[in-house]
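# Inside the fold
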Amino acid sequence: EIGRAPHEALHRRKVDRHFAIATKEVTRGQWREFVDANPEMQEIADFDNVYMHTSYDSPMIAVTWYEAAWYCNWLSEQEGIPEDQWCYVKNQEGQYGSGMKAKNDFLKLNGYRLPTEAEWEYACRAGTSCSRYYGASESLLANYAWYVMNSDTRTHPVGSLKPNDFGLFDMLG
């Protein structure tokens, strides 16, 4: 693809399973519910990020993989999904942090999880083979993504621009 760095080479992957993905990013409001339900998370939660535009409907940013995995397990718990179907295990100290991992065969479990790189790429491109799901033109980017040229270096409410053809918002930017 034009404009890609050498380490961004396309590579084919087959996703031979069904998967679900949220139509919008996790908002600060949704994240706050998670933090409020987990006192140990309150010590590390960062809601004062200067790049977040609004207090409730902006995407939650600056989250570690460990925190995101913890959120996935929490969502699974909220849905009543049995713990043996949760996708992530705590580390040896019983914490969500360094040393934790995804369970063996986590792709076959029913709990919430982060998408794999191949799943995310497929969802982002919405079945297309060009660099952007709406086409290759950069002139349309501001209709689909918040980025350096149109964002005023702030996040904006999730789902406020056009979705891709799968109905997913904010996949670029």
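In what follows, the structure referred to is the one given above.
These remarks concern the structure in this document. (Residues numbered from 1 in each chain as written. Predicted model: local features only at pLDDT ≥ 70, side-chain atom pairs only at ≥ 80, totals over all residues. Heavy atoms only, no water.)

### What to know about the side chain of Gln85
- Counting through the fold element by element, Gln85 comes out in the loop between α3 (65–78) and β1 (88–89).
- Ignoring anything within four residues of it in the chain, the contact list for Gln85 reads Lys103, Lys108, Leu109, Asn110 and Gly111. (Helix = DSSP H or I, 4+ residues; strand = E, 2+ residues; numbered from the N terminus. Contact = heavy atoms within 4.5 Å.)

### Points about the pattern of salt bridges
- Using the criterion set out here, one finds 5 salt bridges in the structure.
- The closest approach of N and O atoms between Glu119 and Arg17, which form a salt bridge, is 2.9 Å. Residue Glu119 is located in helix α4 (residues 117–125), and its partner Arg17 is located in the segment before α1 (28–37); the two are separated by 102 residues in the primary sequence.
- Residue classification places Glu119 among the buried residues on the basis of a relative accessible area of 1%.
- According to the relative accessible area criterion, Arg17 is partly exposed, its value standing at 25%.
- Ionic pairing is found between Arg125 and Glu121, a salt bridge with its closest N-O pair at 2.5 Å. Here Arg125 and its partner Glu121 are both found in helix α4, 4 residues apart, which amounts to about one turn of the helix.
- Given a relative accessible area of 11%, Arg125 falls into the buried group. (Salt bridge = Lys/Arg side-chain N within 4 Å of Asp/Glu carboxyl O. Buried < 20%, exposed > 50% of the residue type's maximum accessible area, 1.4 Å probe, protein only.)

### Topic: the packing of aromatic side chains
- In this structure the tally under the stated criterion is 13 aromatic pairs.
- With 5.5 Å between their ring centres and 85° between their planes, Phe34 and Trp70 make a pair best called edge-to-face. You can see Phe34 sitting in helix α1 and its partner Trp70 sitting in helix α3, a full 36 residues away along the chain. In terms of burial, Phe34 and Trp70 fall into one category: buried.
- A ring pair is formed by Phe34 and Tyr71, whose centres lie 5.2 Å apart and whose planes are at 80°; its orientation type is edge-to-face. Remark: Tyr71 occurs in helix α3 and Phe34 occurs in helix α1; sequence separation between them is 37 residues.
- By relative accessible area, which is 8% here, Tyr71 ends up buried.
- Of the aromatic side chains, those joined through ring pairs into one cluster are Trp31, Phe34, Trp70, Tyr71, Trp74 and Tyr96.
- The positively charged end of Lys24 is found above the aromatic ring belonging to Phe169, 5.4 Å away from the centroid. (Phe/Tyr/Trp six-rings, centres within 6.5 Å; stacked < 30°, edge-to-face > 60°. Lys NZ or Arg CZ within 6 Å of the ring centre and 35° of its normal.)

### Points about the nonpolar core
- Grouped together as the largest cluster of nonpolar side chains are 15 residues, with contacts concentrated most on Trp31, Phe34, Met41 and Tyr88.
- Every element with two or more residues in this core is listed here: α1 and α3.
- When residues of this core are assigned to their parent elements, the largest contribution, 5 residues, is made by α3.
- Contact partners of Met41, with chain neighbours within four places excluded, come to Trp31, Phe34, Val35, Glu67 and Trp70.
- Residues Ala123, Leu141, Leu168 and Leu172 belong to the second largest nonpolar core, which totals 11 residues. (Core = buried A, V, L, I, M, F, W, Y, C linked by side-chain atoms within 4.5 Å.)

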